[in-house]
Amino acid sequence: MNKYLQSTWNRLMPNMPYRAYLQSDVIEKEIRMTEAFRSIAFFLAVVTLLLSASGLFAQISLNIDKRNREIGVRKVLGASIVQIIQLISKEFVRILLIAFAVGSVLGYLFTSKFIFQVIYHYHSPVGLEPYVGTLVIVALSCCLIIGARVYRAARTNPVERLRAE
């Protein structure tokens with residue numbers, strides 16, 4: 001079909017070059033571009049999550065070291081491990097929720113105003129699923145980091161903790 005179109009074009013307009021392409025070629029190119037964009041976005045999301053997790057781990061470690069005496073006194077006075085985990089993780093959960101709210105609003109504005117109006121004109125609408133999925137992934141990773149670090153700090157002997165001070 002393409003050879004017939006090219007020969008007809010050359011016969012009718014010999015001075016103009018023949019620049020035809022199939023719709024399937026255009027769609028294939030767009031699909032490759034979308035897949036490349038998706039893999040880059042996924043890589044950046046993983047790197048961001050790892051950097052955030054390491055920063056959160058450092059913050060929690062510093063907070064626990066700073067509150068070493070308080071944890072020891074609470075353990076001596078009979079506080080359970082769950083109470084100590086709740087005490088320390090309360091402020092980090094608050095920070096996490098504020099960061100999620102700000103990040104979600106900025107992410108929505110970036111995708112709706114830039115990505116979907118400048119780069120991808122035709123797209124399916126974005127619902128609540130990516131934002132809920134992000135909240136779940138970040139909350140689970142933060143709970144694992146906070147819980148593991150605080151649990152380890154709360155399990156140590158309070159007498160050794162207070163003696164080290």
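All values derive from a computational prediction rather than experimental measurement.

Novice: Go over the overall build of the protein, please, and point to the residues and values.
Specialist: The helix and strand tally for the protein stands at six helices and zero strands. The C-alpha radius of gyration computed for the protein amounts to 28 Å, which surpasses the reference 15 Å derived for 165 residues by more than 25%, pointing to a less compact arrangement than a globule. Relative to its full complement of 165 residues, the protein shows a buried share of 19%. Across the protein, the fraction of contacts at a sequence separation of at least 24, relative to all contacts at a separation of at least 6, is 73%. Working note: accessible area of the protein is about 12,700 Å², and carbon and sulfur atoms make up 68% of it. If you average the places of the 19 positive and of the 10 negative side-chain charges in the protein, the two averages end up 3 Å apart.

Novice: How would you summarise the pattern of salt bridges if you had to cite specific residues and measurements?
Specialist: In the structure shown here, the tally under the stated rule is five salt bridges. The closest approach of N and O atoms between R38 and E35, which form a salt bridge, is 3.2 Å. One end of the pair is R38 and the other is E35, both in helix α2 (residues 23-66) and three residues apart, which spans about a single turn. We classify E35 as partly exposed; its relative accessible area is 40%. The salt bridge involving R67 is made with E70; its shortest N-O contact spans 3.0 Å. Among the charged side chains, a salt-bridge network with shared partners connects R67, E70, R74 and E91.

Novice: Describe in detail the environment of N68, supporting the description with residues and values.
Specialist: With respect to the helices and strands, the residue N68 is situated in helix α3 (residues 68-76). Sequence-wise, N68 and P158 are 90 residues apart; in three dimensions their C-alpha atoms are separated by 9.3 Å.

Novice: Just give me the short version of the environment of I60, but keep the residues and values in it.
Specialist: Secondary-structure assignment places I60 in helix α2. When its relative accessible area of 0% is taken as the criterion, I60 is described as buried. When the C-alpha positions of I60 and V159 are compared, they lie 22 Å apart, and in sequence the two are 99 residues distant. Not counting chain neighbours up to four residues away, the residues in contact with I60 comprise F92, I145, I146, R149 and V150.

Novice: Hey, could you go over the packing of α2 against helix α5 (residues 129-155) for me, with residue numbers and the actual values?
Specialist: Between α2 and α5, the shortest axis-to-axis distance is 10 Å and the interhelical angle comes to 30°. Considering the angle they form, α2 stands roughly parallel to α5. Both α2 and α5 take part in a crossing whose hand is right-handed. For the pair α2 and α5, the contacting residues are L49, A53, L56, F57, I60, S61, I64 and D65 in the first and I137, V138, S141, C142, I145, I146, R149, V150 and A153 in the second. Considering only residue class, the contact of α2 with α5 consists of 13 nonpolar, two polar and two charged.

Conventions and cut-offs
- Residues numbered from 1 in each chain as written.
- Predicted model: local features only at pLDDT ≥ 70, side-chain atom pairs only at ≥ 80, totals over all residues.
- Heavy atoms only, no water.
- Helix = DSSP H or I, 4+ residues; strand = E, 2+ residues; numbered from the N terminus.
- Rg over C-alpha atoms; globule rule 2.2 N^0.38 Å.
- Buried < 20%, exposed > 50% of the residue type's maximum accessible area, 1.4 Å probe, protein only.
- Contact = heavy atoms within 4.5 Å.
- Areas by Shrake-Rupley, 256 points an atom, 1.4 Å probe, with all protein chains shown as cover.
- Lys, Arg positive; Asp, Glu negative; His and termini not counted.
- Charge placed at Lys NZ, Arg CZ, Asp CG, Glu CD.
- Salt bridge = Lys/Arg side-chain N within 4 Å of Asp/Glu carboxyl O.
- Axes fitted to C-alpha atoms, helices over the stretch in contact; angles between N-to-C directions.
- Parallel < 35°, antiparallel > 145°, perpendicular 65-115°, else oblique.
- Left-handed = near helix turned anticlockwise from the far one by under 90°.
- Nonpolar A, V, L, I, M, F, W, Y, C, P; charged D, E, K, R; others polar.

These values are about where atoms sit, not about what they do.
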